[in-house]
Amino acid sequence: MKKFLILLFLYYPIHAYTQGWAIDYSLGYGTYQLDDIVNLQHSMLNNYGLKETDCFPNYITHSVSLGYVTGRSNFGINFSYFTTGGRLNRADYSGSYTVDMIMNGYRLGLYSRDYINTKYPPLSIYLQLGSGVMFSTLKMEEKVNVYTESAQETSKLNGVGIYLEPTIGATYRFTDRLHFSLGGGYEADFLGTLKLSGQESQIKAHWNGFRFYGGITYILPTKKITL
Amino acid sequence: MKKLKSILLITSIFLFVACEFAPTGTNFLELTPPEDNIPIEISLNDVNPSDTIYVYRNTSCSVNIKSTKDLIKAEVLMDGQLYSNLMNNAFSFSVNPDQLTEGVHKLTINAAFTSGTGSLAEMMGMEGYTGDLSWNIRVIPNPENHFKLGYCINKAGFLEVFWNNIVPDTIIKKYIVRSGLTQMTDITISDPKQKSFVDYGYVCGSANYEVTTYLKDGYSFRQNLIFEKPTPGVYFENLGLNNLRIYWDKPFANGRFNLTCESKIIASGFTDTTITIPQLFGKNRQFSLAISPQKPEYDNTYNQFSAWKWFSQGTSLGLPNWPLYAYNITDNIIYTSNYDRLVAIDATTLQEINSVSIIGNPYGLIYGGKIASAPHNSTVAAMTGEETWIFNDSRFINPIKISPLSGGIHTRLSALTSDDRFFVVQGGTNICKVFNTLTGEKIVEFPFTYKTIYDIPDFVTVSEDGKYFCASSENGIEVFEINETTTNLLYTDTRHYTGAIFVPSQPDKLLLSVGSEIEIRQIPGFNLIQTLDVSANSAYLCNIDPASMSLLYYQSDSLKVCKINNLKNTVFKIRSDESSCKMFNNKILTYGMGGICFDISPYLSH
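The text that follows walks through the structure, step by step, so that each part is easy to find. Predicted, not measured: the structure shown is a model, and the values here were computed from it.

Counting secondary structure elements, chain A contains 2 helices and 10 strands. Element order for chain A, N to C, with α for helix and β for strand: α-β-α-β-β-β-β-β-β-β-β-β. Going through the 227 residues of chain A one by one, you find that 37% of them count as buried. Within chain A, contacts between residues separated by at least 24 positions form 69% of all contacts whose residues are at least 6 apart in sequence.

The following block contains the structure:
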């Protein structure tokens, strides 16, 4: 499914204009600090022999943005989706015990990007600063299967924080309407305390880490449109 | 076109979400599943589960659990309810009988063990081994309250102390019986099935038993039994004239009896409660009964009992010792003395009619001599230590006092005659003094030759009409005829006399005890009318009853009565030691012993 989406955008014929609406999709890779969440997972280690099999690894990100391009500037709104997770597991002949912790982040914010021309005209460097709110969910799911007995319990924590992400990257103007871009930045999160059923916890969802993007941008010209 | 782009945007967002991270790691351990069964050993104070555990005090229970696997926990259940939680293989808990109801309870020890596999199921407590073992517990709070003592008389007649114990025999080690009053040492009963003890040392009286139950674990409890049974009383039953039945209550347990009378043993080691002995008139005898256990080897200081009672044949007049007697046939009154009082008693009913105190200076009647009563009227004379009082009758008023004319125990004669004269021969003298009873004046006095040395019986006598006087002694006799103030010796001899009495209402007949015979002589001729040979057992004259005209005399070991006109025919005989009795109106009266009276009328054949 992911590959299909990438191909769909790559072969979508568009032309670039110097002024217009830009729709951007980026597939990225993020590193996540998530210290509190990791500590939470580690606190359950060795309980009934649980061992860590997954510990919130760096993972693929998805971002879409809608911005307005004018000259060398691009500003607009951006939505990103981060996901990672952890697992504690213990299994033997008698059954298994699994604790899955799925962490999802939904980031919605504004960005401002400035392009810097290079000696190779289709290629330009850009600097971007983005900020907004980060909606985080931590879904914890415990599953026990011992002999014929089984039990499952799920809990969900939600939190809202603020992020700030400076990014540097480069775009390649494939056509006037279609640009490719590569970039990387660092996201810093603030606030983001998770709540369980409205009750505030001690855990903060700080997705701090590096972000790497590779995206495709479709320009919708506002002055001249050629299809 | 715009719509298509919007759809693409929204779809892409949902697709992003669909790309949520999915953990895939596993941590599977290859472990060996547990065996189906493992050996488990649970012990409780090393008591076999088929045995019952008896709890009668705060009891510590030691539990030991052994298995090849580790113990997770153990529970003590009492009747299915959690009683104690235990966490070690060896532990103790206590059972308090006060916290459980009396009766049988089921104590179960449940033990849970690990499977030893280290599996997830084991860690979650869903895999392991369990074992349980149960014992029956019988709770007996305060067993001493159920330890009851009782007593009874067994078939052999001995006291048997028995007890009931709620504690079963299997846990009893022994009983110890302590009875300080009947047993010299404590009795140990080593057979728990024996629940009684025959006390051969108890016969009656106080009993104090302490029975202690010793259990095999050293615990003991005791109970006391205290009771008291009366000491037997002594009773008498007249079995006719000659036999006396003495009987007493049967003591509570078999007894052994010694019956004594005035230090003389009547029966010894006797087990019956009745004995018949000969009667003995004239004595107030004290019979003492000593009661002991039937088996002499059980005698001790505390189980010896005694009972005593006085008995006299006849009726006591309640007089002091040595009372004086006189009989008035006209009024049928017996006169006697009671210390300083002159007492008149109805000779039939023996009820006191009247009395008068004659206090002298310093003697009075209490130290006085003889009393006399007239044969023809109601006159009565009493000689005090200083003087003689003569009353007209039993009203005891206006006495004629003859002073000085003292009487005493040695006075030989004190007699009123039908010619209103009072004849006195004082002790140690050989002179007879004669007074007028109406005036108190002395009429005459005359001497006689043979004075006796004995106070009793009568050796000196005067006929009722005052015409004849006789003085006898062991050396001889003189019989005088009295005419007003002169005397005439009618007869004399030197035989050995032991008594002389003129026959009442027959003044011409003189009863004599002489040599080995009793004679009646006709006066004045001194002719022999009757004779009774008493040579085999010498006789001792008492008196002649004016009412029945019977002679009372003592011979050998008995008082005998015969009619004066037939001395040889004994009409009544009673065993006695008293030789100084008198008989008036068929009632024999003792000189000593408080004046015991015996009515012989029922025994006379009319």
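Residue and element names in this part refer to chain B. Pairing in this open sheet of 4 strands is antiparallel, and the strands run E36-E37-E38-E39 from one edge to the other. At either end of the open sheet lies a strand with only one pairing partner, and these are strand E36 (460–462) and strand E39 (486–493). With direction set aside, neighbouring strand axes in the sheet form an average angle of 15 degrees.

On to the pairing of strand E17 (residues 243–248) of chain B, then. Residues and elements named next belong to chain B. Strand direction decides the pairing type here: strand E16 (residues 234–239) and E17, joined by 6 bridges, are antiparallel. Bridging from a neighbouring strand, Val234 pairs with Trp248 of E17. Hairpin connection, E16 to E17: the antiparallel pair is bridged by 3 residues, and Gly240 has positive phi, about 75 degrees. As paired strands, E17 and strand E20 (residues 274–278) are joined by 5 bridges and run antiparallel to one another. What sits directly across from Leu244, in E20, is Ile277.

In this section: the sheet that holds E16 of chain B. Residues and elements named next belong to chain B. If you walk across this open sheet you meet the 3 strands as E16-E17-E20, and the pairing is antiparallel. Where the open sheet ends on each side, the last strands, each with one partner, are E16 and E20. Here the strands of the sheet are splayed against their neighbours by 25 degrees on average, with no regard to which way each runs.

Quick look at the interface of chain A and chain B now. Contact with chain A, which involves 32 residues of that partner, is made by 24 residues of chain B. Contributions of two or more residues to the side of chain A that touches chain B are made by helix H1 (2–10), strand E2 (51–55), strand E3 (59–70), strand E4 (73–92) and strand E5 (95–117) of chain A. Sort the elements by how many residues they give to the side of chain A that touches chain B and E4 of chain A lands first, with 10 residues. Of the residues that constitute the side of chain A that touches chain B, the class distribution is 13 nonpolar, 11 polar and 8 charged.

Rules used in this analysis
Residues numbered from 1 in each chain as written. Chains lettered and ligands numbered in written order. Predicted model: local features only at pLDDT ≥ 70, side-chain atom pairs only at ≥ 80, totals over all residues. Helix = DSSP H or I, 4+ residues; strand = E, 2+ residues; numbered from the N terminus. Buried ≥ 20, exposed ≤ 12 C-beta atoms within 10 Å, placed from the backbone. Contact = placed C-beta atoms within 7 Å. Pairing = 2+ DSSP bridges. Axes fitted to C-alpha atoms, helices over the stretch in contact; angles between N-to-C directions. Nonpolar A, V, L, I, M, F, W, Y, C, P; charged D, E, K, R; others polar.

Worth remembering: the numbers are spatial, not functional.
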